[in-house]
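Listed below, chain by chain, are the residues.
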Amino acid sequence: MATGAGLYFLSMARNNAWANFRLLKACADLTAAEFEAERTSFFPSIVATYNHILVVDWFYVDALEGGTLGPRAWENEVPFPAFADFRAAQVTVDRRLVKLCDGLDDSRLARPVHMHRATHVQTDRADRILLHLFEHQIHHRGQIHAMMAGTPVPPPQLDEFFCDGDKKFRVEDFAELGWREEEVWRGMERR
């Protein structure tokens, strides 16, 4: 069970899974053509952007778990062009990240993690890799959110996770995810 600063990273991993859940739920209402349509952004479509998030998740989560996947993670830049297959893969890696973060404590956050790059092995602290990974997710999810504004499906609200007063906005999502408020905020109760 996460303790100390690990609780922060666990809440970020859950926020990440919840935001993906919400955005993927909205993307499920897009047609295949809308999901694949060329749009203005860093990556040229929703499918390309979401697959980029996925392969980068694979890279960092694997390294954090002690693996050596390295650049093989993105050998295929769009491993899942079909939405249903993509969604299942993203949910799986989100669950891996939550599980990983649920085992963190201050010493595990400070441990070195070895990331296999194309020409070398990069070593960095686990906490810094996680901070980067969460920022990467937020950055590119924001791009998907903006691209969805150009579709018939309204983009969902993604910033109602942390505040107690926003509980009413996430209760249905938490139920679908099989989460309970008291479990999500374990160790972070009001003092």
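First, a word on what this report is: a plain description of the structure on this page. (Residues numbered from 1 in each chain as written. Predicted model: local features only at pLDDT ≥ 70, side-chain atom pairs only at ≥ 80, totals over all residues. Heavy atoms only, no water.)

### Side note on the pattern of salt bridges
Then comes step 1: Under the defined criterion, the tally for this structure stands at 11 salt bridges.
Then comes step 2: The residue aspartate 102 makes a salt bridge to arginine 186 at a minimum N-O spacing of 2.7 Å. You can see aspartate 102 sitting in the loop between helix H4 (83-101) and helix H5 (106-110) and its partner arginine 186 sitting in the segment after helix H8 (181-184), a full 84 residues away along the chain.
Then comes step 3: Taken together, the shared-partner salt bridges connect Arg22, Lys25, Glu160, Asp173 and Glu176 into one network. (Salt bridge = Lys/Arg side-chain N within 4 Å of Asp/Glu carboxyl O. Helix = DSSP H or I, 4+ residues; strand = E, 2+ residues; numbered from the N terminus.)

### Re the pairing of strand E2 (residues 121-125)
Then comes step 1: As paired strands, strand E1 (residues 112-116) and E2 are joined by five bridges and run antiparallel to one another. For histidine 114, the partnering residue across the bridge sits in E2 and is threonine 123.
Then comes step 2: Between the antiparallel neighbours E1 and E2 lie four residues. (Pairing = 2+ DSSP bridges.)

### Comments concerning the nonpolar core
Then comes step 1: In terms of nonpolar packing, the biggest core is built from 54 residues, with Cys101, Leu130, Ile144 and Met148 touching the most fellow members.
Then comes step 2: Contributing elements (two or more residues each) for this core: helix H1 (6-27), helix H3 (46-64), H4, E1 and helix H6 (126-148).
Then comes step 3: Every residue in contact with isoleucine 144, bar those within four places of it in the chain, is listed here: Leu23, Cys27, Ile46, Thr49, Tyr50 and Ile53. (Core = buried A, V, L, I, M, F, W, Y, C linked by side-chain atoms within 4.5 Å. Buried < 20%, exposed > 50% of the residue type's maximum accessible area, 1.4 Å probe, protein only. Contact = heavy atoms within 4.5 Å.)

### Some points on the packing of H3 against H6
Then comes step 1: Interaxial distance between H3 and H6 falls to 10 Å at its minimum, and their mutual angle equals 170°. With respect to their mutual orientation, H3 and H6 come out roughly antiparallel.
Then comes step 2: When grouped by side-chain class, the residues that make up the contact of H3 with H6 number 14 nonpolar, seven polar and two charged. (Axes fitted to C-alpha atoms, helices over the stretch in contact; angles between N-to-C directions. Parallel < 35°, antiparallel > 145°, perpendicular 65-115°, else oblique. Nonpolar A, V, L, I, M, F, W, Y, C, P; charged D, E, K, R; others polar.)

### Regarding the side chain of glutamate 181
Then comes step 1: By the element assignment, glutamate 181 lies in helix H8.
Then comes step 2: By relative accessible area, glutamate 181 is classed as buried at 17%.
Then comes step 3: Among the polar contacts made by the side chain of glutamate 181, one reaches the side chain of arginine 170 at a distance of 2.7 Å.
Then comes step 4: With residues up to four places along the chain from it excluded, the contact list for glutamate 181 reads Lys167, Arg170 and Phe174. (Polar contact = N/O pair within 3.5 Å; in protein donor to acceptor, adjacent residues only side chain to side chain.)

### Some points on the side chain of arginine 170
Then comes step 1: By the element assignment, arginine 170 lies in helix H7 (residues 167-177).
Then comes step 2: Excluding its chain neighbours within four sequence positions, the residues that come into contact with arginine 170 are Trp18, Glu160, Phe161, Phe162, Cys163, Asp164, Glu181 and Trp185.

### Digging into the packing of aromatic side chains
Then comes step 1: In this structure the tally under the stated criterion is 13 aromatic pairs.
Then comes step 2: Both rings, one in phenylalanine 59 and one in tryptophan 74, keep their centres 4.9 Å apart while their planes meet at 45°; by these two values the pair is tilted. Taken as a pair, phenylalanine 59 in helix H3 and tryptophan 74 in the loop between H3 and H4 lie far apart in primary sequence, 15 residues in all.
Then comes step 3: Judged by its relative accessible area of 1%, phenylalanine 59 is buried.
Then comes step 4: By relative accessible area, tryptophan 74 is classed as partly exposed at 32%. (Phe/Tyr/Trp six-rings, centres within 6.5 Å; stacked < 30°, edge-to-face > 60°.)

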